[in-house]
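Results of the structural survey
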Amino acid sequence: MRNFLDFEQPIADLEGKIEELRHLADDGEVNIADEIGKLQTKAEKLLRQTYTKLTPWQKVKVARHPDRPHFVDYVHGLIEDFTPLAGDRGFAEDCAILGGMGRFRGHSCVVIGHEKGHDTQSRLKHNFGSARPEGYRKAIRLMELADRFNLPVITLVDTAGAYPGVGAEERGQAEAIARSTEKCLDIKVPLISAIIGEGGSGGAIALATGDSVLMLEHAIYSVISPEGCASILWRSAEHAQAAAEALRLTAQDLLEHKIIDGIVPEPLGGAHRDPAAAIQSMGEALEAELEKVMNMDGGARRARRREKFLAIGRDDH
Amino acid sequence: MNWLTNFVRPKIKALVGGKPDVPDNMWHKCPGCTQMIFHRDLTTNRHVCPHCDHHLRMPLLERMDMLFDNSAYNRIELPKVVSDPLKFRDRKRYTDRLKEARHATGEDDAVIVAHGKIGGSNAVIAGLNFDFMAGSMGTAVGEGIIAAARLAVVQKAPLIVIPASGGARMQESILSLMQMPRTTVAVQEVKEAGLPYIVLLTDPTTGGVSASFAMLGDIQIAEPGCLIGFAGRRVIEQTVREVLPDGFQTAEYLYDHGMIDMVVSRPELKDTLSGMIDLIMNPKPSGEVLPLTRESIEEHLEIPEEDGVDPDEKPIEQPITDAVGPRKAAD
Ligand SMILES: [Zn+2]
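Residues numbered from 1 in each chain as written. Chains lettered and ligands numbered in written order. Predicted model: local features only at pLDDT ≥ 70, side-chain atom pairs only at ≥ 80, totals over all residues. Heavy atoms only, no water.

Structural notes on the overall build of chain A
- Helix and strand content of chain A: 14 helices and 8 strands.
- Rg of the C-alpha trace for chain A: 21 Å, near the compact-globule value of 20 Å for 317 residues, within the 12% margin.
- Considering only C-alpha atoms, chain A reaches an extent of 65 × 50 × 45 Å along its principal axes.
- Each of the 317 residues in chain A was classed as buried or not, and the buried ones make up 58%.
- Restricting the contact set of chain A to residue pairs at least 6 apart, pairs at least 24 apart contribute 72%.
- With the model as given, the accessible surface of chain A reaches about 13300 Å², and the carbon-plus-sulfur share is 51%.
- Between the centroid of the 39 positive side chains of chain A and the centroid of its 49 negative side chains there is a distance of 5 Å. (Helix = DSSP H or I, 4+ residues; strand = E, 2+ residues; numbered from the N terminus. Rg over C-alpha atoms; globule rule 2.2 N^0.38 Å. Buried < 20%, exposed > 50% of the residue type's maximum accessible area, 1.4 Å probe, protein only. Contact = heavy atoms within 4.5 Å. Areas by Shrake-Rupley, 256 points an atom, 1.4 Å probe, with all protein chains shown as cover. Lys, Arg positive; Asp, Glu negative; His and termini not counted. Charge placed at Lys NZ, Arg CZ, Asp CG, Glu CD.)

Focus: the domain arrangement of chain B
Residues and elements named next belong to chain B.
- Taken domain by domain, chain B holds domain 1 (27–56) and domain 2 (57–281).
- Taken over C-alpha atoms, the centre of domain 1 sits 23 Å from the centre of domain 2.
- With 6 residues of domain 1 in contact, the opposing surface of domain 2 contributes 10 residues.
- When domain 1 packs against domain 2, close to 700 Å² is buried across both sides, 56% of that on carbon and sulfur atoms.
- Of all residues in domain 1, R46, H47 and H55 give up the largest surface area on contact with domain 2, accounting jointly for 72% of the area buried on that side.
- Linking domain 1 to domain 2 there are 0 salt bridges. (Domains from an automatic or database assignment. Buried area = accessible area lost by both parts, 1.4 Å probe. Salt bridge = Lys/Arg side-chain N within 4 Å of Asp/Glu carboxyl O.)

Some details on the UniProt feature "binding site: Zn(2+)" (unreviewed entry) in chain B
All names here are of chain B.
- When the UniProt feature table is mapped onto this chain, "binding site: Zn(2+)" (unreviewed entry) is found at C30, C33, C49 and C52. In sequence the annotated residues extend across 23 residues, while in space they remain close, none of their C-alpha pairs exceeding 8.6 Å.
- Position of C30 relative to the elements: it lies in the loop between strand 1 (27–29) and strand 2 (36–38).
- Those residues in contact with C30 that lie beyond four places of it in its chain are Q35, I37, C49, C52 and H54.
- Within the element layout of this structure, C49 appears in the loop between helix 2 (39–44) and helix 3 (60–67). (UniProt positions renumbered as here; feature names shortened; annotations may be inferred.)

Description of the packing of helix 10 (residues 226–234) of chain A against helix 11 (residues 240–247) of chain A
Residues and elements named next belong to chain A.
- Axis separation between helix 10 and helix 11 bottoms out at 8 Å; the angle between their running directions is 100 degrees. Relative to helix 11, the element helix 10 lies roughly perpendicular. Of helix 11, the residues touching helix 10 (which contributes P226, E227, C229, A230 and W234) are A240, A242, A243, A244, A246 and L247.
- Taken together, the residues that form the contact of helix 10 with helix 11 break down as 10 nonpolar, no polar and 1 charged. (Axes fitted to C-alpha atoms, helices over the stretch in contact; angles between N-to-C directions. Parallel < 35°, antiparallel > 145°, perpendicular 65-115°, else oblique. Nonpolar A, V, L, I, M, F, W, Y, C, P; charged D, E, K, R; others polar.)

Right, dumping it as structure tokens:
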């Protein structure tokens, strides 16, 4: 059973009709096949129309879609011999951020990313992808490991934000995020980041300070959630839609402002309609970006990474 | 270096006494003990409540006066940035909010960078002005921190950063978020030049500011009672649905949890800062380099002649620093 978003209702209706007709077609009616074909063309056209002009708020919903592929799906689809590594060595293992070693296109690498979970149980286990300081400290540890063994790092970002909890504050959430961003800017090995769903604020940038930052076509990336922004600036979360527009959180906006380096196309109707295709698409983009920086001298690569961030906003006219 | 001429144009303003006018007979209510304090008493007491020692927010320029030797410092002009790059509008236009903040504070944005001496050593201070849009961090603040870091590197001086910020400048959205890595690069430049990076956390330091340059200090100092944290209280309460512990996110709370080096009350700040800068920047108090010759040995160690040293022995050529002698440097 497919999960439809509210704005997908007309598509859902059409697809429901197609399902019904298919049921009838099983009973041997001949004219029905024609009708199904027509409806399918119509549904696809509608899907294309809807998805080529998604509003920022609609993109927020797509980016958070429960069926959207998550970190573990990308690892499953793209990384061979994945070996998860756990723990921050100080306090705990935080499953909101997963990481480990594996092979990407045959080359050993370190992969780190937020995992949101796909059902109630796994969402609780992964804390909905909202990491505590330990998650960021584990990421730091894994980046150090990568740097030590000259392995490129791939980070996949998908979080509403770092977890706002008492313990998280107590154990230095701010410091952990700051150090993780610092580590991204410190390692000499290649670091390619991709926003695969939600890039939520500091919790995202802590993993997304890469040589190259990619975004999936319908992913979002922002300093604050539209709801949070609305409740502060509009004094009511009901203005989230307006906030989503003002924040310029879409991949298309961010590419225009040179915040990201590339947009990774999603299958028609979004990554959730065809996760395998989305993962494939991401794999190709990651490979291409890695190739650009793989053969650089480590020091030069790091200097280039830092320069890239320093240049942001300077030529933004 | 070209970029230097771009922004390091020392402007010696008549800063002492150049504050916005507040009538002397104005009263302030202390948030700590609710007693009324005369404005004049508050300024002479460095904005510390004379009744309960509560540290009220201190205007940034007064803070610079307090920290630099003889209250003497030069502000540097900061790079101009694109105003309102995203054409942001909530209930108000961002450009209007900026205009209001500029009018109210007489400043371009929320960051001020100055250099002078602290305890006799050159030092650069970058401070955030909470009165300017809650000290929020946008491109201008990021550029200010970067400029301060580069000035520190050029002057081979420590960088002291004094945050006072609600966090990200939401009206600059993603560009505000990008200041986290940008200011981190600035900190790295200072650290990699072998210079100390000291953070003085003041009330409040939260959000994207606390989660970037404000938490990366070689030394982390905080003022008593100030609020330091990543997430806002309200957000945490709504998420965890429990009563927050006493003193949550205060300087003392962070100290108890090992997140900062020290909590220093305002009257002690300058001496503490001077002392630490001196320890790091002048590791050998009598650091003049003396050639180790018979004369210098005799002069400093007072080796008596009758110890049987051969007067024709060649002087040892290797210069050593005078770390052994009891003499203090004249300078
Ligand atoms: Zn008081």
